[in-house]
Amino acid sequence: MISRGNWGKAIAFHDTAPSFSFLAMPILIALALRFFHWKVFFVLLSGACALVMLFFWVFAPDPRHQEEKRSRYAMVLRRSDFWIIAILWTMATMATAGIYSIIPLFLVKEKGIQLELANTIFGFSRIGGVFATVLVGFLIDRYAVKKLLFIILLITGLSTVGVALAQVFWLLVGALIIQATVSVAFFPVAVTAISTITHLGERGTFVGLTLALSGIIGMGLVPVGLGAVADIWNFQIGIFITGVVIMLSCASLRGLEELEQGNTL
């Protein structure tokens, strides 16, 4: 529904929703729990989801033409660029949801930070993600998507390693802020990349399979793996390995030749 020249800004604005939710919802709920029972939130959120879904169904146009050929799952799975995007998306999910799930325990258990201060640092580190997502939207429409993916993943990997190795308090806080801010910028760029290399008939299948694989690994297996490594050694080793793997994944970008010219229009 959006012209290609404005994909970056449109997708980036859309992707501010998760970052803003991660930041705002815990604060809003903590304040509102003084006045409402926790069950009220499930009713309100469920009702809001149903209402938004109804409005979308009624008013959102379908951009696909009737004659658009639909793609089969097997066709998408045979594409090398699909596996590259899936790997990169998994790396970004590891850096956001995977690391996100264990950072509070890491700060308290291994860094000896008081719980209240750890929660403050953790929440504060998420603020930049909202602004980074908006900023990258303008960069997408000006610079090569492939180059942006490389820079974002490289900085994400380096900052993740920094979180693991930082021994000084202010360096640890700085690494956490950079890691949380830059990692979320990957997703609008990756969605733009998918939109560039796919047609409407296969885009939904491509995105669905990518999210499924990255969710299983990045949001499911990685937190479990980090916990298992912490039980045997410590969280520091698991976070360090995660950062190194993310940096190594940058090499796979060479296989995305379709993005060589970027998205500058």
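Just so we're clear, the structure is a prediction, and the values are computed from it rather than from any experiment.

**A word on the overall build of the protein**
Thought 1: Scanning the protein from terminus to terminus reveals 13 helices and zero strands.
Thought 2: Here the C-alpha radius of gyration of the protein, 20 Å, is about what a compact globule of 265 residues would show, namely 18 Å.
Thought 3: In terms of overall dimensions, the protein has a C-alpha envelope of 60 × 50 × 35 Å along the principal axes.
Thought 4: Put simply, 85% of the contacts in the protein that link residues at least 6 apart link residues at least 24 apart.
Thought 5: Split by element, the accessible area of the protein, about 15000 Å² in all, is 72% carbon and sulfur.
Thought 6: When the 18 basic and 13 acidic side-chain charges of the protein are each reduced to a single mean position, those positions are 2 Å apart.

**A closer look at the environment of Thr-93**
Thought 1: Topologically, Thr-93 is positioned in helix 5 (residues 80-100).
Thought 2: With 94 residues separating them in the primary sequence, Thr-93 and Phe-187 have C-alpha atoms 9.1 Å apart.
Thought 3: Contacts of Thr-93, omitting those with residues within four sequence positions, involve Gly-98, Phe-187, Ser-214, Gly-218 and Met-219.

**Comments concerning helix 11 (residues 186-197)**
Since one α-helical turn is 3.6 residues long, residues separated by three or four positions face the same way.
Thought 1: End to end, helix 11 covers 17 Å across twelve residues, agreeing with the expected 16 Å (1.5 Å per residue, within 8%).
Thought 2: Most of helix 11 is tucked away: eleven of the twelve residues are buried.
Thought 3: Inspection of helix 11 places Phe-186, Phe-187, Pro-188, Val-189, Ala-190, Thr-192, Ala-193, Ile-194, Ser-195, Thr-196 and Ile-197 among the buried residues, and these make up the whole buried set.
Thought 4: Contacts from the buried residues of helix 11 go to helix 1 (7-14), helix 5, helix 8 (127-140), helix 9 (145-165), helix 10 (169-183) and helix 12 (200-232).

**Quick look at a nonpolar patch on the surface**
Thought 1: A cluster of nonpolar residues, Leu-165, Ile-232, Trp-233, Ile-237, Phe-240, Ile-241 and Val-245, forms a patch on the protein surface that exposes about 660 Å² of accessible area.
Thought 2: Within the element layout of this structure, Ile-241 appears in helix 13 (residues 235-248).

**Observations regarding the packing of helix 9 against helix 11**
Thought 1: Relative to each other, helix 9 and helix 11 sit at 150°, their axes nearing to 10 Å. Of the possible angle classes, the one that applies to helix 9 and helix 11 is roughly antiparallel. The interaxial crossing formed by helix 9 with helix 11 has left-handed handedness. On helix 11, the residues that touch Val-145, Leu-148, Leu-149, Ile-152 and Leu-153 of helix 9 are Phe-186, Val-189, Ala-190, Thr-192 and Ala-193.

Thresholds, definitions, all that
Residues numbered from 1 in each chain as written. Predicted model: local features only at pLDDT ≥ 70, side-chain atom pairs only at ≥ 80, totals over all residues. Heavy atoms only, no water. Helix = DSSP H or I, 4+ residues; strand = E, 2+ residues; numbered from the N terminus. Rg over C-alpha atoms; globule rule 2.2 N^0.38 Å. Contact = heavy atoms within 4.5 Å. Areas by Shrake-Rupley, 256 points an atom, 1.4 Å probe, with all protein chains shown as cover. Lys, Arg positive; Asp, Glu negative; His and termini not counted. Charge placed at Lys NZ, Arg CZ, Asp CG, Glu CD. Expected span 1.5 Å × (residues − 1). Buried < 20%, exposed > 50% of the residue type's maximum accessible area, 1.4 Å probe, protein only. Patch = residues over 30% accessible without salt bridge, like charges linked within 9 Å, V, L, I, M, F, W, Y side chains within 5 Å. Salt bridge = Lys/Arg side-chain N within 4 Å of Asp/Glu carboxyl O. Axes fitted to C-alpha atoms, helices over the stretch in contact; angles between N-to-C directions. Parallel < 35°, antiparallel > 145°, perpendicular 65-115°, else oblique. Left-handed = near helix turned anticlockwise from the far one by under 90°.

Limitation: the analysis is restricted to geometry and does not speak to function.
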